[in-house]
Every structure is written in C-alpha cells, then in structure tokens.
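Report on the structure
The primary structure of each chain is shown beneath.
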Amino acid sequence: MNGDLDGRSIIVTGAGRGIGAAIAADLAAKGARVAVADIDRGAAETVASAIGGRARGFAVDVGERTSVRALVADVVGAFGRLDVMFNNAGISKTLPFMETGEADFEHIMRVNGLGVLIGTQEAARQMIAQGGGGKIVNTASIAGKQGYPLFAAYCASKFAVVALTQAAARALAEHGITVNAFAPGVVRTELWKQLDGEFMGLGLTQQAGQAIDEFSSSILAGRASLPADIVGTTTFLASAASDYMTGQTVMIDGGMVLT
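These lines cover the structure that appears in this document, whether it is placed above or below. Quick caveat, the model's predicted, so the values are computed rather than measured.

Reading the values: rules and limits
- Residues numbered from 1 in each chain as written.
- Predicted model: local features only at pLDDT ≥ 70, side-chain atom pairs only at ≥ 80, totals over all residues.
- Heavy atoms only, no water.
- Helix = DSSP H or I, 4+ residues; strand = E, 2+ residues; numbered from the N terminus.
- Expected span 1.5 Å × (residues − 1).
- Buried < 20%, exposed > 50% of the residue type's maximum accessible area, 1.4 Å probe, protein only.
- Arc of directions from axis to C-beta.
- Contact = heavy atoms within 4.5 Å.
- Pairing = 2+ DSSP bridges.
- Right-handed = clockwise from strand over helix to strand, strands pointing away.
- Polar contact = N/O pair within 3.5 Å; in protein donor to acceptor, adjacent residues only side chain to side chain.
- Axes fitted to C-alpha atoms, helices over the stretch in contact; angles between N-to-C directions.
- Parallel < 35°, antiparallel > 145°, perpendicular 65-115°, else oblique.
- Left-handed = near helix turned anticlockwise from the far one by under 90°.

Because each turn of an α-helix spans 3.6 residues, side chains separated by three or four positions end up pointing in the same direction. With 12 residues, helix α6 (residues 190–201) extends 17 Å between its outermost C-alpha atoms, agreeing within 8% with the 16 Å of an ideal straight helix rising 1.5 Å per residue. Along α6, the positions that sit buried rather than exposed are L191, W192, L195, D196 and F199. The arc enclosing the buried residues of α6, seen along the axis, measures out at 135°, which places them on a common side. Away from the buried face of α6 by more than 90 degrees, exposed residues K193 and G201 are located. Looking at the buried positions of α6, the neighbouring elements they touch are α7 (210–215).

Here's what the structure looks like:
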C-alpha cells in the first residue's frame with residue numbers, strides 16, 4: 001500500500017499539531033505530497049519543515065469559505081492537483097450541559113461542522129474539475145456516536161460530521177469521489193491536555209492526568225491511544241485499498257464504543 005500514495009496530492013487541515021500532524025507525516029512517509037494546513041501558519045510550517053521535502057505548510061480558517069478556496073487553489077498551484085482531502089481540524093471545550101451557551105455552541109459547530117461541509121465542497125469542486133475522482137476523509141469521534149454531557153456541543157458537531165460524510169458520499173459518488181470518516185476515541189494529544197486542565201478548573205478532577213485516565217477506563221484495549229495508533233487507518237483511507245468504501249465511519253477507539 002505504501003507505493004500507492006506516491007505522488008498523490010493531499011491536504012490535511014488542523015495539521016499543526018496532534019492527530020493531524022501525525023497523519024501528515026505518515027502520508028508523506030508513504031510517498032504523498034502533503035499540504036500541512038492549520039489556522040496557525042507557524043505551526044503548519046514547523047510541522048511541514050520537520051516532515052521535509054514532500055510537505056508544505058499553509059494557513060487556513062476552515063470555517064471561512066474564501067480561506068478554504070484559497071488553500072485548495074494554492075495547493076493545486078504547488079502540487080498540480082488535489083487527490084485527497086482530510087477535513088481534520090477540530091476544537092472542543094469542557095462545558096456542563098446546562099452551561100453550554102450559544103457562543104460556545106456556534107464556535108465549535110463552525111469549525112467542526114461547517115468546516116467539514118466547506119472543506120468537502122471545495123475539495124469536491126476541484127476534484128470534479130480535474131477529473132479522475134478523489135477521496136475525502138473526515139475526522140469524526142466516539143462523540144459522533146454517543147452524547148456526553150460535558151461535551152454536548154462537541155458531540156453535536158461530530159454527529160454532524162458523520163451525517164455530512166454520508167450525505168456527501170451519496171452526492172459525490174457519480175463523480176468517482178469517495179467520502180469516509182474515522183472516529184478516534186481518547187487520544188493523548190495537546191487537545192486532551194487542554195481538556196484535562198478544564199476538568200480541574202471545573203473541580204471535576206483533582207490532579208493532572210486524572211480526566212484522561214478516568215475517561216479511558218472502559219477502553220477494551222486497556223489504554224488511551226496515541227496518534228501512531230490512528231495513522232494506519234488514515235493512510236488506508238487515503239489509498240486505493242479503500243476504493244470500494246464510501247459513506248462509512250471507521251471506529252478506531254480501542255473498543256470504547258461498539259457499533
């Protein structure tokens with residue numbers, strides 16, 4: 001499968017850190033040309049520099065269509081075409097259900113939900129124009145399968161990702177474009193460090209690491225995941241090995257949610 005990605009042009013949003021950075025590095029190691037895209041241009045360029053010659057850093061605000069459209073144009077200008085789009089950018093915030101307000105809901109939904117819609121549409125426009133089909137891969141979550149009261153807005157946004165994945169798969173099949181998602185569980189990244197601090201700030205936990213350890217206690221694999229546990233699946237979804245899959249959300253959570 002490694003050689004299958006040789007020369008493919010791939011965008012990964014939210015790739016300035018965490019899962020996105022790991023996805024980008026693995027795709028480049030497998031031969032792809034990777035656009036490391038993030039709202040933090042400096043972080044994107046740092047990740048791209050660490051990856052090396054197959055990667056370039058770009059700035060993007062996934063909730064702003066003109067920004068996403070410019071990203072696609074810049075990547076096509078640099079790499080010649082767009083073969084795979086990873087709509088990976090996402091944010092979260094720990095909020096008790098009854099304290100979740102409009103501003104937080106709209107902010108999380110703008111990035112996690114609207115960002116996937118815009119990213120899918122703009123990538124598909126390019127893929128249709130150039131011909132030959134393409135692949136769109138969205139980052140869902142266990143929170144797209146179950147609702148958690150401390151993450152209601154985040155869960156709503158990730159349920160939206162699953163729905164958008166299915167809708168887009170049906171809409172774009174005639175153009176040879178597949179649309180799939182993957183759903184991580186608890187991943188030890190910068191995001192969980194943020195959430196862990198929020199748990200302590202709300203008085204829900206007393207010490208660093210307690211939140212992630214308690215949230216991971218029901219994982220059948222016996223531990224939280226690392227980005228390295230995710231990239232085998234994401235590279236598969238970018239490769240020809242997954243050509244007969246579309247509209248699916250692949251759980252990669254160590255057995256936390258069984259569907």
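Here we take up the environment of V257. Mapped onto the elements, V257 comes out in the segment after β7 (249–252). V257 sits in the buried class, given a relative accessible area of 6%. Taking the C-alpha atoms as reference, V257 lies 38 Å from A73; in sequence the two are 184 residues apart. Residues within four places of V257 in sequence aside, it is in contact with I142, K145, Q146, Y148 and M251.

Attention shifts here to the pairing of strand β2 (residues 33–38). With respect to burial, β2 is a largely interior element, 5 of its 6 residues being buried. Alignment of strand β1 (residues 9–13) against β2, held across 5 bridges, turns out to be parallel. Across the sheet, residue S9 finds its bridge partner in β2, namely R33. Note that the unit made of β1, helix α1 (residues 18–29) and β2 has a crossover that is right-handed.

Among the secondary structure elements, T66 is positioned in helix α3 (residues 65–79). The exposed category is assigned to T66, whose relative accessible area is 57%. Sequence separation of T66 and V231 is 165 residues, and the distance between their C-alpha atoms is 29 Å. Looking at T66, its side chain comes within polar contact range of the side chain of E64, at 3.2 Å.

Once that is clear, we can look at the sheet that holds β1. Working definition: the strands of a sheet are paired by backbone hydrogen bonds and lie parallel or antiparallel to each other. An order of β3-β2-β1-β4-β5-β6-β7 is seen for the 7 strands of this open sheet, with the pairing classed as parallel. Looking at strand neighbours, the two that pair on one side only are β3 (55–59) and β7, the edges of this open sheet. Here the average twist between neighbouring strands, direction ignored, is 20°. Bridging between strand β6 (residues 177–184) and β7 involves 4 bridges; their strand directions are parallel. Bridging across to β7, A183 finds its partner in M251. Across the face of the sheet, α3 comes into contact with β1, β2 and β3 while running at roughly 155° to β3. Packed onto the sheet, helix α8 (residues 227–238) meets β1, β4 (84–87), β5 (134–139), β6 and β7 and runs at close to 170° relative to β6.

In this section: the side chain of S9. Summarising the element assignment, S9 is placed in strand β1. For S9, the contacting residues outside a window of four places in its chain are R33, V75, F79, R81, L82, D83 and V84.

A separate point is the packing of helix α4 (residues 102–130) against helix α5 (residues 152–172). Contact geometry of α4 with α5 gives a least axis separation of 8 Å together with a crossing angle of 15°. It follows from the interaxial angle that α4 and α5 lie roughly parallel. At the point where α4 passes α5, the crossing takes the right-handed sense. Facing F105, I108, M109, N112, G113, V116, L117, T120, A124 and I128 of α4, the residues of α5 in contact are A153, Y154, A156, S157, K158, A160, V161, L164, A168 and L172.

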